[in-house]
Amino acid sequence: MPPIKRTKFKLSPDQLLDMFYWLKLIRAFDERLSVLVRQGKVRSGVYTGIGQEAIVVGTCFGLRRDDYICPLHRDLGAFLMKGVQPGAMMAQMFAKAAGLSKGRDSALHSGVSELGIFGNTSMLGANLPVAAGLAFTFKMEKSDNVVVAYFGEGASNVGDFHEALNFAGVQRLPVLFICENNQYAYSVPLEKSMAIDDVADRAESYGFDGVAINGNDVLAVYQATQGALARARAGEGPTLIECKTYRWHGHSEHDKAFYRTDEELAMWKSRDPIPTFTTYLKGMQVLTDEQQNEVESRVKQTIDDAVDFAINAADPAPEDALTDLYA
Ligand SMILES: Cc1ncc(C[n+]2csc(CCOP(=O)(O)OP(=O)(O)O)c2C)c(N)n1
């Protein structure tokens, strides 16, 4: 297909269709996980990012394999986009030997160094000084790799966030701080944890740019990320991108989210990133109904296969419990 002339994003129709596939796949992965939790089949806490997919897709799209990401509990989609096979990711949620941490760990703390994925820990914000450290390594090695680190608006209130941004600003490090501002830190609404409206404003204190954008618009996220990546690769330092969004489910699948209203949820559902992008693609004549059907059935098959793989995969062998340990 010829490149589209009217878009400023310089994405080919094939790339736009690829973005559409990732949005659909990540949504379907989380939705299936949610069902599997209710069936009692998942051996992990599940924190879905349903409603937030445009952030992961817009930031990971076009990242290089040797760029690093530091994903959060809600960013299983980032693992997929960085190259983890859906079957392996699902096996991780089932704590099977074929999962990323071979059944040892809660699903959320695994990393895959050869794919540039640094595992998170439970301490909110603690991934950010690690991200700055990784970026410091890239700077010392004089490579143009970049680190993309995710955090919630809740995590932006802990000390680690501020130390990481300060160090990254002083050292002009190649790191993108991506705030997934989904309005709640567990049950705490934004206005009860912050005295300002925009997390993005915090970047200025540390000497670099912060921008607040519509996190439900995958192309807006992509565009902001591309600018920040180019600056980071050119040695111009960090950027904070605050993506305004909303999580449709509770904090985790066991949270019924009684602290918010049905009206608020309905309002945010009307801003669902996927139909918005679908309408855009159809308006640009990039996506036909047949192509949409094809993507949807490919996604369904991929998820079905991943679940089959995970269900049929072997449990970890007890005699392997002490392998892969470091002293
Ligand atoms: C330092 C720290 N404090 C508290 C917690 C408990 N906790 C786990 S998730 C969460 C809410 C996180 O909110 P946010 O950072 O906005 O990310 P979100 O889950 O909304 O994506 C809290 C308070 C924790 N894990 N670490």
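Residues numbered from 1 in each chain as written. Predicted model: local features only at pLDDT ≥ 70, side-chain atom pairs only at ≥ 80, totals over all residues. Heavy atoms only, no water.

A.B. asks: Kindly report on the overall build of the protein chain, identifying the contributing residues and their values.
C.D. replies: Regarding its fold elements, the protein chain presents 11 helices and seven strands. Against the globule reference of 20 Å for 327 residues, the protein chain gives a C-alpha radius of gyration of 19 Å, in line with a compact fold. Dimensions of the protein chain, computed from C-alpha atoms along their principal axes, come out at roughly 55 × 50 × 45 Å. The buried share of the protein chain, taken over its 327 residues, is 53%. Expressed as a percentage of contacts within the protein chain between residues at least 6 apart in sequence, the contacts between residues at least 24 apart total 75%. If you sum the accessible surface of the protein chain, you get close to 14,800 Å²; carbon and sulfur atoms cover 53% of it. In the protein chain, which carries 33 positive and 42 negative side-chain charges, the distance between the mean positions of the two groups comes to 2 Å. (Helix = DSSP H or I, 4+ residues; strand = E, 2+ residues; numbered from the N terminus. Rg over C-alpha atoms; globule rule 2.2 N^0.38 Å. Buried < 20%, exposed > 50% of the residue type's maximum accessible area, 1.4 Å probe, protein only. Contact = heavy atoms within 4.5 Å. Areas by Shrake-Rupley, 256 points an atom, 1.4 Å probe, with all protein chains shown as cover. Lys, Arg positive; Asp, Glu negative; His and termini not counted. Charge placed at Lys NZ, Arg CZ, Asp CG, Glu CD.)

A.B. asks: Now, about empty space enclosed by the protein: what can you tell me, with residues and values included?
C.D. replies: A probe as big as a water molecule, rolled over the atoms, marks out the empty space that is left. A full pass over the atoms with the stated rule returns one cavity of 30 Å³ or more. Counted as a void, the largest cavity has a volume near 70 Å³. Lining the largest cavity, in full, are Ile26, Asp30, Gly49, Gln52, Glu53, Val56, Arg74, Asp75, Leu76, Gly77 and Glu180. Contributions of two or more residues to the lining of the largest cavity are made by helix H1 (13-38), helix H2 (53-60) and helix H3 (76-81). (1 Å grid on protein atoms, 1.4 Å probe; cavity = no way out; pocket = protein on both sides within 12 Å on 5 of 7 lines; lining within 4 Å. Points joined across faces, edges and corners; volume = space filled by probe spheres on them.)

A.B. asks: Any details on the environment of Ser270? Residues and values, ideally.
C.D. replies: Assignment of secondary structure puts Ser270 in the loop between helix H9 (262-269) and helix H10 (273-283). In this structure the side chain of Ser270 is engaged in a polar contact, spanning 2.5 Å, whose partner is the backbone oxygen of Met267. (Polar contact = N/O pair within 3.5 Å; in protein donor to acceptor, adjacent residues only side chain to side chain.)

A.B. asks: Break down the pairing of strand S3 (residues 175-181) for me, citing the residues and quoting the values.
C.D. replies: S3 sits mainly inside the fold: seven of its seven residues count as buried. Side chains of S3 alternate between two faces, with Val175, Phe177, Cys179 and Asn181 and Leu176, Ile178 and Glu180 buried alike. Alignment of strand S2 (residues 147-152) against S3, held across six bridges, turns out to be parallel. Each residue of the ladder has a partner; that of Val147, found in S3, is Val175. Two elements, S3 and strand S7 (residues 239-244), share six bridges in a ladder whose sense is parallel. What sits directly across from Phe177, in S7, is Leu240. (Pairing = 2+ DSSP bridges.)

A.B. asks: Run through the site of the ligand, naming residues and quoting values.
C.D. replies: Close contacts around the ligand come from 14 residues, with His73, Arg74, Ser122, Gly154 and Tyr184 the closest. The side chain of His73 places a nitrogen or oxygen atom 2.8 Å from an oxygen atom of the ligand. Between the ligand and Ser122, the relevant distance is 2.8 Å, taken from a nitrogen atom to a main-chain nitrogen or oxygen of the residue. Against a free-state accessible area of 580 Å², the protein chains account for coverage of 73% of the ligand. Applying the majority rule of atoms within 2 Å of the grid points places the ligand in the largest pocket. Residue classes in the shell around the ligand are distributed as six nonpolar, six polar and two charged. (Near = heavy atom within 4 Å. Sits in = over half its atoms within 2 Å of the grid points. Nonpolar A, V, L, I, M, F, W, Y, C, P; charged D, E, K, R; others polar.)

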